[in-house]
Structure formats: C-alpha cells, structure tokens
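# Structure at a glance
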Amino acid sequence: MALADNWKRAQPGDPFWDEQAKGLHAAHVAPLNELIVRLGDAKGGVRLPLAAPWHGGIHAPALVVLNDADEPRDETTFLCIRNPDRAADRQRHLMTEFDIDPTDFCHWNGYPWPRNDPKRDLTPEQSAEGGRALLEVMGLMTDLKMLLLLGKKAQEAADAVLPQIHSTFPELHILRSLHPLGAKRTVDREEQKRVWAGIADRLRERNTGA
C-alpha cells in the first residue's frame with residue numbers, strides 16, 4: 001500500500017466507508033466483528049465501532065489498544081485511523097512519519113463499551129471487564145507480536161489480566177505509552193516520537209526477518 005496516497009480524513013459519506021462496510025465479512029476482520037457484535041449484545045444491544053478491513057485485522061502483528069469507546073456516531077462506525085477526529089489524526093501523522101503500514105495494526109479499546117462518564121478513570125470492575133474482552137481479541141490474533149497500550153485506561157484493562165497475558169503470550173512485546181493525544185508538552189512529544197520510532201523498527205525487523 002502506498003501510504004501517502006491514502007492518509008487523509010474520511011468524512012461521513014466518503015466512499016471509503018462504503019468500501020469498509022462491504023468488507024465487514026472479509027476473513028481477516030470477520031472474527032473480530034462477530035466478537036464486537038457479541039460484546040454489544042451483552043450490554044443490551046449497544047452498537048460498538050467495528051473493525052475496519054483497511055487495517056490488518058486478526059493477521060496484524062501489532063494490537064493497538066486505546067482507551068474506551070465514545071457513543072458511536074456516523075464518523076466512528078469503525079475502529080480506523082481515517083476517522084475524522086484528533087486522535088486518529090495524531091496516529092496518522094505518527095504512522096506516516098515512521099512509515100508504518102496500516103495493515104500492521106489492529107485497533108481495540110481497553111474498555112470497548114460506551115460509558116456515561118468517559119473522562120473518569122475505569123472502575124476496578126470496568127478494568128476487569130475490559131481485560132477479559134482484550135483477552136478474547138488477543139485469542140483471535142494469528143501472528144501477534146506487539147501489544148501497544150496507549151493511554152491509562154488501555155493499561156488498566158491489560159493490567160487486570162496481565163498474568164493471563166504473560167502466560168498465554170510469553171514472547172509478546174508489551175509497550176506502554178501515552179494516548180495519541182496525551183503528548184501535551186514538548187518533552188512528551190519527543191518521547192512519543194521515540195516510542196513510535198521503536199515500534200516502526202520492530203515492525204521492519206519482523207517484516208524483513210531480521
């Protein structure tokens with residue numbers, strides 16, 4: 001994929017989203033989307049953002065975990081970095097700067113359901129619930145090498161099931177860093193870029209067999 005040709009916001013109504021909708025049952029995202037529907041049904045039928053076929057789905061080497069899901073709107077129907085929001089913009093900028101292919105990533109939220117108070121920390125119960133969902137997602141991945149926990153809530157969900165993660169995925173590289181919008185100071189932005197440069201290096205090593 002030629003990265004620079006595709007890295008722009010896709011506003012509601014953009015044909016890109018029609019393409020994503022047509023691919024919901026593609027082999028690399030169908031298991032994820034079946035899980036997402038099941039998790040939504042478990043909360044009374046709430047609609048959760050779906051896995052976008054543009055990303056790597058279950059075959060991606062890196063699972064990127066963010067915080068929690070906002071109430072789905074037209075522009076957040078999918079877990080995708082072409083969503084028209086600031087967090088997606090920041091991810092696109094970082095991935096473009098360090099030449100990371102979108103198919104190397106599968107996206108998830110530490111707490112995948114919408115919350116009435118999204119600015120508050122997760123409760124212990126929510127962290128445990130999010131952690132169990134995270135384990136289910138990880139169990140679907142076919143070539144998982146990296147778990148990227150971007151933000152406090154993502155980290156809290158993973159910490160709730162960390163012994164299970166370590167025992168099931170003993171070779172997994174776990175990286176903790178700021179949420180894409182968490183770099184407020186110059187020193188934070190420099191650290192964020194250092195982390196993403198390291199992610200890119202690991203992905204290149206994996207892709208080249210180095």
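Residues numbered from 1 in each chain as written. Predicted model: local features only at pLDDT ≥ 70, side-chain atom pairs only at ≥ 80, totals over all residues. Heavy atoms only, no water.

For the rest of this paragraph, the subject is the confidence of the model for the chain. Here the chain averages 89 in pLDDT, and 92% of its residues register 70 or above. For the chain, per-element mean pLDDT is lowest for helix α1 (residues 3-6), which scores 48, and highest for helix α7 (residues 162-168), which scores 98. Confidence over residues 71-75 falls short of pLDDT 50; this stretch has eleven contacts with residues more than four positions distant or in other chains. (pLDDT = per-residue confidence, 0-100. Helix = DSSP H or I, 4+ residues; strand = E, 2+ residues; numbered from the N terminus. Contact = heavy atoms within 4.5 Å.)

Another aspect to go through is the sheet that holds strand β2 (residues 62-68). The sheet built from four strands is open, its strands ordered β4-β2-β5-β6 with parallel pairing. Edge strands, defined here as strands with exactly one partner in the open sheet, are β4 (105-111) and β6 (173-177). Each adjacent strand pair in this sheet contributes to an overall mean axis angle of 20°, direction not counted. Strand contacts of helix α6 (residues 152-160): β2, β4, β5 (146-150) and β6, with the helix running at about 110° to β2, the strand carrying the most contacts. (Pairing = 2+ DSSP bridges. Axes fitted to C-alpha atoms, helices over the stretch in contact; angles between N-to-C directions.)

Our next topic: the pattern of salt bridges. Per the counting criterion, the structure on display carries 14 salt bridges. The salt bridge involving Lys-145 is made with Asp-143; its shortest N-O contact spans 2.3 Å. What makes Lys-145 partly exposed here is its relative accessible area of 38%. Each of Arg-9, Asp-89 and Arg-92 takes part in a single network of salt bridges with overlapping partners. (Salt bridge = Lys/Arg side-chain N within 4 Å of Asp/Glu carboxyl O. Buried < 20%, exposed > 50% of the residue type's maximum accessible area, 1.4 Å probe, protein only.)

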